[in-house]
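Observations on chain architecture
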Amino acid sequence: MTEPTRPVLFRNATVLSMDPAIGVLEGGDVLVRGERIDQVGRDLDPPPEATVIDSSGGILMPGMVDTHRHMWQTALRGLGADWTLSQYFVFYYLNWGKIFRPEDIHAGNLLAALEALDAGVTTTVDWSHGLQTPEHGDAAVEALRAVPGRFVLAYGNLLGAPWEWANSPEFRAFVDRHFSSPDEMLGLQLAFDVTGDEQFPEKGAFEAARELDLRVTTHAGVWGATNDNGIRLMWDHGFCTPRVTYVHAATLSEDSYQRIAASGGTASVSTESEQSAGQGYPPTWQLRKHGIPVSLSMDTSVWWSGDLFSTMRATLSADRSREHLEAHAAGETVVHNKLRARDVVEWATIGGARALGLDDEIGSLTPGKKADVVLIKNDRSPVMFPLLHPYGHVVFQAGRGDVHTVLVNGTVVKHDHELTVPGLDRARRAVEATVVHARTTMGEEAWQQAREPEIPQTELIPNPYTYSDYRGDGVAVRRADA
């Protein structure tokens, strides 16, 4: 639609700036020049060469930030819709993770990257734990750099020991090859989990992250997999720091939450995942109580939706559901919701930026920040009016189909509901090849078992109110009356 250097003026939107100094502007304008937001206000005068986007009836907000997405698994989108977490582990960690080639990593990343932009997610952490070799890592990087989004490669290898691969000459060569100079569009983290082994073998991986000046992202508080022992070992060895993101953090003790809070760590909540797979109940109530900064993530498209609208909605609903259930159990009624729609929109934007240490550059519509901007507007949809509560509208009414325009770093990557960047056909062909490879390698029986896992037979509880057999007094009386 427009060249990256051409100014863009969004005119007459409801602006959710996520900047406390600006707040919400009804009938607001945002002017973008080059890579940055130039002005936020009302009745701005566009430069003569500017492209003006009529944003009437729309919501303008910062680009969303997903802090935990296994992008490579998008190549098998939806396959695990009926999996439990243990079935996921069996599929990827034990049986089939090893069959994914570098080209399969590339295919999944390419599709996931385009999907993120289409849904208004302008920054994504690629929790890439399928990197069995540096060649797999090269493929991941190539795919991310082929799409004009903002990404962080969280390098991991679920089939290897992190204290070994993080210190290997091959990994160090990979870092030198791709990250020898700063790149504002592609960052690097280390992604690994802490098992709670008292020998703390993960110490070597943390030391590698410290040596390379990299943040760490780790699945913590996952029922049956990672627990309080891992947090304690990290704390005792000095690796609980503000540069660690704890993904899920759903089944931890009071002591662990206190350690995360005291050390300045952040949490990435994947509510759809935690509700469905069984990591634990989404822990936003605990995180809020301890003052732990929250960001949001969708986890993996092998199960769930690849957008943060679903995540925001599920997170707000889960937090409120827990409050109601606890109140009902005590014979009480909730009369005020503690978690508000604004809170989850904040977690999906500036909260994610804070978790990545990028809140000085992205996460709010603030003059001087990078122009990662999303316009939610859909004149063809009856869902987009009336617009009475903008935060609530983002969370409970809008969806990825309502994303009208997306800018990343000042470049228009989607406009009028269509991606303006190439790559979708290439991604489709690559993913089709991966599906054929996976299905052929696994064999038809294993493939069908993955798609439709067996349901164990359970005993059906007899129902005394089956009226053909049950003759209680109440029924007899009613029938007699009839």
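Below or above, wherever it landed, is the structure these notes cover. (Residues numbered from 1 in each chain as written. Predicted model: local features only at pLDDT ≥ 70, side-chain atom pairs only at ≥ 80, totals over all residues. Heavy atoms only, no water.)

Things to note about the packing of helix α2 (residues 102–118) against helix α3 (residues 134–145)
For the pair α2 and α3, the least separation of the axes is 8 Å and the interaxial angle reads 25 degrees. As summarised for this structure, α2 and α3 are arranged roughly parallel, according to the angle between their axes. Of the two possible hands of crossing, α2 and α3 adopt the one that is right-handed. Seen from α2, the contacting residues are Pro102, Ile105, His106, Asn109 and Leu110; seen from α3, they are Glu135, His136, Ala139, Ala140, Glu142, Ala143 and Leu144. Here the residues of the contact of α2 with α3 sort into 7 nonpolar, 3 polar and 2 charged. (Axes fitted to C-alpha atoms, helices over the stretch in contact; angles between N-to-C directions. Helix = DSSP H or I, 4+ residues; strand = E, 2+ residues; numbered from the N terminus. Parallel < 35°, antiparallel > 145°, perpendicular 65-115°, else oblique. Left-handed = near helix turned anticlockwise from the far one by under 90°. Contact = heavy atoms within 4.5 Å. Nonpolar A, V, L, I, M, F, W, Y, C, P; charged D, E, K, R; others polar.)

Side note on the packing of α2 against helix α15 (residues 424–442)
For any two helices packed against each other, one specifies the crossing angle of their axes together with the interaxial distance. Look at α2 against α15: their axes get within 8 Å of each other, and the N-to-C directions meet at 135 degrees. Overall, the two elements α2 and α15 adopt an arrangement that is oblique. In this structure, α2 meets α15 at a crossing whose hand is left-handed. Judged by residue contacts, Glu103, Asp104, His106, Ala107, Leu110, Leu111 and Leu114 of α2 engage Leu424, Arg426, Ala427, Ala430, Val431, Thr434 and His437 from α15. When the residues that make up the contact of α2 with α15 are grouped by side-chain class, the tally is 8 nonpolar, 3 polar and 3 charged.

What about the packing of aromatic side chains?
Tallying each qualifying case throughout the model produces 24 aromatic pairs. With a centroid separation of 4.9 Å and 35 degrees between ring planes, the pair formed by Trp83 and Phe91 is classed as tilted. When its relative accessible area of 4% is taken as the criterion, Trp83 is described as buried. Geometry around Phe179 places Arg145 over its ring, the cationic atom sitting 5.8 Å from the centre. The lysine or arginine in question, Arg322, covers the ring of Trp285, its NZ or CZ lying 3.2 Å from the ring centre. (Phe/Tyr/Trp six-rings, centres within 6.5 Å; stacked < 30°, edge-to-face > 60°. Buried < 20%, exposed > 50% of the residue type's maximum accessible area, 1.4 Å probe, protein only. Lys NZ or Arg CZ within 6 Å of the ring centre and 35° of its normal.)

Side note on the environment of Ala250
Take Ala250: it is sitting in the loop between β11 (244–248) and α8 (254–263). The exposure class of Ala250 is buried, given its relative accessible area of 13%. Linking Ala250 and Glu170, residues 80 residues apart in sequence, is a C-alpha distance of 34 Å.

Description of the nonpolar core
In this structure, Leu153 and Met312 are the most contacted members of the largest nonpolar core, which totals 108 residues. It is α2 that provides the largest number of residues to this core, a total of 9 residues. Beyond its immediate chain neighbours, meaning those up to four positions away, Met312 contacts Met64, Leu296, Val344, Val345, Ala348, Val394 and Val395. Of all hydrophobic cores here, the second largest spans 17 residues; its members include Phe10, Leu25, Val30 and Ala371. (Core = buried A, V, L, I, M, F, W, Y, C linked by side-chain atoms within 4.5 Å.)

So, the pairing of strand β6 (residues 64–69)
Most of β6 sits inside the fold, with 6 of its 6 residues counted as buried. Relative to strand β7 (residues 121–128), β6 runs parallel, the two sharing 4 bridges. Looking at β7, one finds that Asp66 is bridged to Thr124. (Pairing = 2+ DSSP bridges.)

Focus: helix α1 (residues 85–96)
For α1, the complete set of buried residues consists of Leu85, Tyr88, Phe91, Tyr92 and Trp96. Buried residues of α1, viewed axially, fall in a sector of 135 degrees; they line one side. On the buried face of α1, the contacting elements are α9 (271–277), α15 and α16 (444–451). (Arc of directions from axis to C-beta.)

Things to note about the pattern of salt bridges
As enumerated under the stated definition, the model contains 29 salt bridges in all. A salt bridge links Arg33 to Asp38; the shortest N-O distance between them is 3.5 Å. On the basis of relative accessibility, which here comes to 39%, the residue Arg33 falls in the partly exposed class. For Glu115, the salt bridge is made with Arg400, and the minimal N-O distance between the two is 3.5 Å. On the criterion of sequence distance, the pair formed by Glu115 in helix α2 and Arg400 in the loop between α14 (390–397) and β15 (403–408) is long-range, its members being 285 residues apart. Each member of the salt-bridge network shares a partner with another, and the members are Arg77, Glu115, Asp307 and Arg400. (Salt bridge = Lys/Arg side-chain N within 4 Å of Asp/Glu carboxyl O.)

Description of empty space enclosed by the protein
One pass over the full model with this rule turns up 1 cavity of 30 Å³ or more. Estimated volume of the largest cavity: approximately 40 Å³. Lining the largest cavity are Val194, Thr218, His219, Ala220, Thr226, Asn227, Gly230, Ile231 and Met234. Elements represented by at least two residues in the lining of the largest cavity include exactly β10 (215–220) and α7 (228–236). Class assignment of the residues belonging to the lining of the largest cavity gives a composition of 4 nonpolar, 5 polar and no charged. (1 Å grid on protein atoms, 1.4 Å probe; cavity = no way out; pocket = protein on both sides within 12 Å on 5 of 7 lines; lining within 4 Å. Points joined across faces, edges and corners; volume = space filled by probe spheres on them.)

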